[in-house]
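Each chain, letter by letter, is given below.
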Amino acid sequence: MTATTPDDVQGQGRLEQPVRLAILAGSALAAAAVLFALGALNPLTVILVGAVIYCLVIYVSSRMVEGHRHATDRLVTGVVTTTFLLAMVPLVSVIWTIFVKGLGRFDAEFFTYSMSGVTQGEIGGAYHAIVGTVITTGIATIISVPIGLFAAIYLVEYGNKGVLARGLTFFVDVMTGIPSIVAGLFAVGLFAWLLDDAAFQAGIVGAVALSVLMIPTVVRSSEEMLRLVPNELREASYALGVPKWLTIVKIVLPTSVAGLATGITLAIARVMGETAPLLITMGAAKAVNFNPFDGSMSSLPLFSYSSYATAGGDQALIDAAWTAALVLMVIVMVLNIVARLISKFFAPKTGR
């Protein structure tokens, strides 16, 4: 026979879902009433105070009906759910604010006109900034992805925790935390040394600065994804006489392609919104420039910054700044969708 505890005997009932929902609704109403009386009624405080009331009431009710163990479980569930909702509040608020305020200039003119020759009373658009963002981010991706991916392959497959691998890991960790302005100064100094022109500004300079920020993210994310590949797959390939490089190409990379695509997408999204390094490397051109090797360029973060900084109360420029932020958010969203599609269609199929 097994001994019974007081919790096994106490609280044979159960709080059904309608009762829990009633407690939740009552907690929200009580919180709203208290905050209304105090003059501090807003969604965030209602969520916070209502969650505190709900956790207390659900714990006491469950303790009386279900017992100590169920009550503790419901209390922890309430606390975790509350923290999740609190974490979602700023995220949803940012997305909603950008969406609502960004619709003011979300029209054809915004996507087809630049700010070149725009005079007082005219509006213009961000076509030149969109072109600059695509070009500079594309070049930075072309530079960063091969370097970061090959570095991650070396760390996982060839490094064997040697001196070079430990040194590479250390410098990658250091580069991950450097301020973005440092990357811009590095790119400026590099091209000033190569071209003997300290005032050289072009899209390629901005792309190099972005690649400095992007490479560490690609290395770390790719390294973690490659380490998740089971060693049994590698050993099975080696047992069949497949060389190491072919094992990496045919086994390791296809197995981890879903995680690699997600990590690279996050790295692209991380650098796409940078402003400080581009401000000193590319300038803030108002005309369209398709040549990243000649002349200054613009980007969506630069366009948003310059529009807001020079608005001076002009609502059209403020709306343009918000719309640029909205377009940037949409581009990042599309990149994430592409990464998910890559994960879905190119990940190795499992099951029978």
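For the structure itself, consult the block above.
Here the structure is a predicted model, which is why all the values come from computation and not from measurement. (Residues numbered from 1 in each chain as written. Predicted model: local features only at pLDDT ≥ 70, side-chain atom pairs only at ≥ 80, totals over all residues. Heavy atoms only, no water.)

Caption draft 1: Layout of the pattern of salt bridges. Summed over all chains, the structure comprises 7 salt bridges. Three or more residues joined by partner-sharing salt bridges are found here, namely D173, R220, E223 and R227. (Salt bridge = Lys/Arg side-chain N within 4 Å of Asp/Glu carboxyl O.)

Caption draft 2: A look at the packing of helix α8 (residues 180-195) against helix α9 (residues 203-227). Relative orientation of the contacting elements α8 and α9 amounts to 135°, with a least axis distance of 8 Å. Taken together, the axes of α8 and α9 lie oblique to each other. Here α8 runs over α9; the crossing is right-handed. Packed against α8, whose contacting residues are S180, A183, G184, F186, A187, V188, L190 and F191, the element α9 presents I204, V205, V208, A209, V212 and L213 at the interface. Across the contact of α8 with α9, the residue classes break down as 12 nonpolar, 2 polar and no charged. (Axes fitted to C-alpha atoms, helices over the stretch in contact; angles between N-to-C directions. Helix = DSSP H or I, 4+ residues; strand = E, 2+ residues; numbered from the N terminus. Parallel < 35°, antiparallel > 145°, perpendicular 65-115°, else oblique. Left-handed = near helix turned anticlockwise from the far one by under 90°. Contact = heavy atoms within 4.5 Å. Nonpolar A, V, L, I, M, F, W, Y, C, P; charged D, E, K, R; others polar.)

Caption draft 3: Representation of the nonpolar core. Within the largest apolar cluster, 43 residues are counted, with the highest numbers of intra-cluster contacts made by F110, I204, V205, M214, L300 and F303. Sorting elements by how many residues they give to this core places α9 first, with 10 residues. Beyond its immediate stretch of four places on either side in the chain, F303 contacts F110, M115, G125, A126, H128, A129, S298, A320 and A324. L149, A152, I153 and V252 belong to the second largest nonpolar core, which has 9 residues in total. (Core = buried A, V, L, I, M, F, W, Y, C linked by side-chain atoms within 4.5 Å. Buried < 20%, exposed > 50% of the residue type's maximum accessible area, 1.4 Å probe, protein only.)

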